[in-house]
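Here are the chains, one letter per residue:
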Amino acid sequence: MTTPLAEVLDGQHAAELRKAARALLKRPLLLARGRQADEFRLARRHASELREWFDRNTGWALQADTEAARLRKSPGVLTDPTHPARDTTRGAAPFTRRRYVLLCLALAALERGEAQIALGRLADQIVLDAADPRLAATGIEFALERRDERLDLAAVVRLLLDLGVLRRVAGEEEAYVSGAGDVLYDVERRVLAGLLATRRGPSTVHAEAFGDRLAELVAETALDSEELRFRAMRRSLTRRLLDDPVLYYDDLTDAELAYLTRQRGFLTARITELTGLVAEVRAEGIAMVDPEDDLTDLRMPEQGTYGHVTLLLAEHLAAAEGPVDLDELALRVRELASQHGGFWAKSAREPGMETELVEQAVARLAALGLVSRTPRAVVVRPALARYAVGETVIREPGSAPVPPQRKATS
């Protein structure tokens, strides 16, 4: 018979395991010092159980040592562009292609460098590497002489500071950008070594097309048996249920849909047991909803001008019967400004701002799985019906739209 003490200890263990799993899902790189120290200690304490769960159900490897715990996550959909890295100190601007290239060049330079490096020295190394003719052939060039180029490098460095790869010793990035000074950093080499989340080194990939290169980077062993194919589908579906706001059935292959239909209860129960996410199953798909509203990096609705505009456009789009032109949405924002502008930031009411407001709103809605977009239009997805004004008509039991929630990822 289970004693009360044993029940308490079991409950404490389960709570700690869940907290550690959620921390790794929200931030896959936890450091032993700083604001994630408590979560790191839990992740390291339960590393064995977590490592087995993630390997079996997602194929993600967990590495934990005295300095960091790193969950090597790879997304369920490799080509999803809706979740870019962001410079959180500059209005959360998403990383551009230039910044991603700079990030890769910076990591390569740091890998070859010493335990300390100055920002100016790092910039010099990047300029030398960027002179490679193969890089120049892609249209990417770096001289780091213009202010906008230095701003891009500063954004990359701030991301590396946030990840814990660099630790500032002296100076400020703003001084480097303005040409008035330099910055000195310690390089956390063990954290740097754990950043790459691929199954093979990029230098071993020989495919030419971008999509083929991505596939090779994360490809599992040859799926030459039914058991291995089922394992690959289980891992892929679990990754998407954990990371994506909504798993739509029409995004799956016939084989994936058949497997999910048979194993849905098992897959969702395993996720709920570990993370506390609750499955909401609807006619169009499945959303793993977080009752704590914490395991996400995008919320809907959200406070502030952009959040209000996004919610109002969501209501407008939910009533659409087909693709909606972006110019039509800009016109709608101008109409909304006359009705609600008193609650918005002054800059949002200026002429011409409607285009930026639409872009911000559509980007958020796409990241939440509520819409998809073409170059000039927005296409509504089923889950957006939750934001329709008025009652939703239910055609049959279980056909209501799912609530969106973007899970954190990196």
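Residues numbered from 1 in each chain as written. Predicted model: local features only at pLDDT ≥ 70, side-chain atom pairs only at ≥ 80, totals over all residues. Heavy atoms only, no water.

Chemist: Can you help me understand the overall build of the chain in this one?
Modeler: Each helix and strand counted, the chain has 15 helices and 14 strands in total. Seen along its three principal axes, the alpha-carbon backbone of the chain occupies a region of about 65 × 65 × 45 Å. Restricting the contact set of the chain to residue pairs at least 6 apart, pairs at least 24 apart contribute 62%. Of the roughly 21,300 Å² of accessible surface on the chain, 53% is carried by carbon and sulfur atoms. Where the 57 positive side-chain charges of the chain centre and where its 63 negative ones centre are 2 Å apart. (Helix = DSSP H or I, 4+ residues; strand = E, 2+ residues; numbered from the N terminus. Contact = heavy atoms within 4.5 Å. Areas by Shrake-Rupley, 256 points an atom, 1.4 Å probe, with all protein chains shown as cover. Lys, Arg positive; Asp, Glu negative; His and termini not counted. Charge placed at Lys NZ, Arg CZ, Asp CG, Glu CD.)

Chemist: Would you mind going over the sheet that holds strand S11 (residues 285-289) with me for this structure?
Modeler: The strands that make up a sheet are held in pairs by hydrogen bonds between backbone atoms, and each pair lies either parallel or antiparallel. If you trace the three strands from one edge of the open sheet to the other, you get S9-S11-S10, paired in antiparallel fashion. Strand pairing shows two members of the sheet lacking a second neighbour, strand S9 (247-248) and strand S10 (278-281), which therefore form its edges. Sheet analysis places S10 next to S11, joined by four bridges and oriented antiparallel. Across the sheet, residue Val278 finds its bridge partner in S11, namely Val289. Packed onto the sheet, helix H12 (residues 254-275) meets S9, S10 and S11 and runs at close to 5 degrees relative to S11. (Pairing = 2+ DSSP bridges. Axes fitted to C-alpha atoms, helices over the stretch in contact; angles between N-to-C directions.)

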